[in-house]
Amino acid sequence: MNSSAASLAAIRIAMMLPLTLACSVALATTPLHMTTDVWFKENSSLLEPNAVVELERLVCKLKGGRVDVLRLYAHAAKGEGNPENLALGRALAVRALMLASPAAIEHIVIRNGSDTEPVKSNATEAGRAANRHVELEVSFAKPPMGWGEECGPRGQLP
């Protein structure tokens, strides 16, 4: 390759670099993965109103996307009756709501941490309350449109 051809190649690369950087920045701002949690009352696998609001917000954020895998990590606190079944019941309640939603979900995987994988110490009531939850982890096959837009109310219901 002669020097003029090398110079031309260098100019082409230099001209393409800003476009390449712009594309990589745009891709980086589109999520391919997200997480959220829903909490439950002691010895219950019923979705509370605040949990339903959180799941509806999640479904709103998934609009226009396609979920490759929705992973549900189910937990229970030490001292709850039959923690393995209770944690599984919580995951199944979340799964049922997500399947009834218009979200496009290809696979759902449930992992039952029961009371054997606490996220906080069970020594305090606050720690036990934190362990009564289901973690949702979303991996996208196709990212949602309009990511970052606020969906639904935030915070506690009255």
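Just so it is clear, the structure is predicted and the values come from calculations on it, not from any experiment.

Visitor: Which parts of the structure should I look at to understand the overall build of the protein chain?
Guide: The helix and strand inventory of the protein chain stands at four helices and four strands. Taken from N to C terminus, the helices and strands of the protein chain fall in the order α-β-α-β-α-β-α-β. A burial count over the protein chain gives 32% of its 158 residues as buried. Considering only contacts in the protein chain between residues 6 or more positions apart, those separated by 24 or more positions represent 81%.

Visitor: Would you take a moment to explain the environment of Val52 for this structure?
Guide: Within the secondary structure layout, Val52 lies in helix H2 (residues 49–61). With 45 residues separating them along the chain, Val52 and Leu97 place their C-alpha atoms 8.3 Å apart.

Visitor: For this particular structure, what's the right way to read H2?
Guide: Residues three or four positions apart in an α-helix share a direction because the helix packs 3.6 residues into each turn. Over its 13 residues, H2 runs 19 Å from end to end, which matches the ideal 18 Å to within 8%, given 1.5 Å per residue. Of all the positions in H2, only Ala51, Val53, Leu55, Arg57, Leu58 and Val59 are classed as buried.

Visitor: What should I look at first to understand the sheet that holds strand E1 (residues 33–39) in this one?
Guide: What holds strands together in a sheet is hydrogen bonding between their backbones, with the strands either parallel or antiparallel. An order of E1-E4-E2-E3 is seen for the four strands of this open sheet, with the pairing classed as mixed. A single partner strand is all that each edge strand has here, and the edge strands are E1 and strand E3 (105–112). Averaged over neighbouring strand pairs, the angle between their axes works out to 20 degrees when direction is ignored. Judged from the seven bridges that link them, strand E2 (residues 66–74) and E3 form a sheet pairing that is parallel. In the sheet register, Ala74 faces E3, and the bridge partner there is Asn112.

Visitor: What is the right way to read the environment of Arg95 from this model?
Guide: Mapped onto the fold, Arg95 is located in helix H3 (residues 83–100). Residue classification places Arg95 among the partly exposed positions, given a relative accessible area of 34%. Through-space distance from the C-alpha of Arg95 to that of Leu136 is 9.8 Å; in sequence the pair is 41 residues apart. Not counting residues within four places of it along the chain, the set of residues in contact with Arg95 comprises Leu72, Ile108 and Ile110.

Visitor: Before we go on, may I ask you to explain the pairing of E1 in this structure?
Guide: The side chains of a regular strand alternate, first on one face of the sheet and then on the other. Burial along E1 is one-sided: the face carrying Met34, Thr36 and Val38 is buried and the face carrying His33, Thr35, Asp37 and Trp39 is not. As judged from the seven bridges shared by E1 and strand E4 (residues 133–142), these two strands associate in the antiparallel manner. The residue of E4 that forms the bridge with Thr36 is Leu136.

Visitor: Would you explain the nonpolar core in this entry?
Guide: Residues Leu62, Val94, Met98 and Leu136 are the most contacted members of the largest nonpolar core, which totals 23 residues. For this core, the secondary-structure elements that each account for two or more residues are E1, H2, E2, H3 and E4. For Val94, the residues in contact, after removing those within four places along its chain, are Val38, Phe40, Leu47, Leu55, Leu72, Val134 and Leu136.

About the criteria used
Residues numbered from 1 in each chain as written. Predicted model: local features only at pLDDT ≥ 70, side-chain atom pairs only at ≥ 80, totals over all residues. Heavy atoms only, no water. Helix = DSSP H or I, 4+ residues; strand = E, 2+ residues; numbered from the N terminus. Buried < 20%, exposed > 50% of the residue type's maximum accessible area, 1.4 Å probe, protein only. Contact = heavy atoms within 4.5 Å. Expected span 1.5 Å × (residues − 1). Pairing = 2+ DSSP bridges. Axes fitted to C-alpha atoms, helices over the stretch in contact; angles between N-to-C directions. Core = buried A, V, L, I, M, F, W, Y, C linked by side-chain atoms within 4.5 Å.

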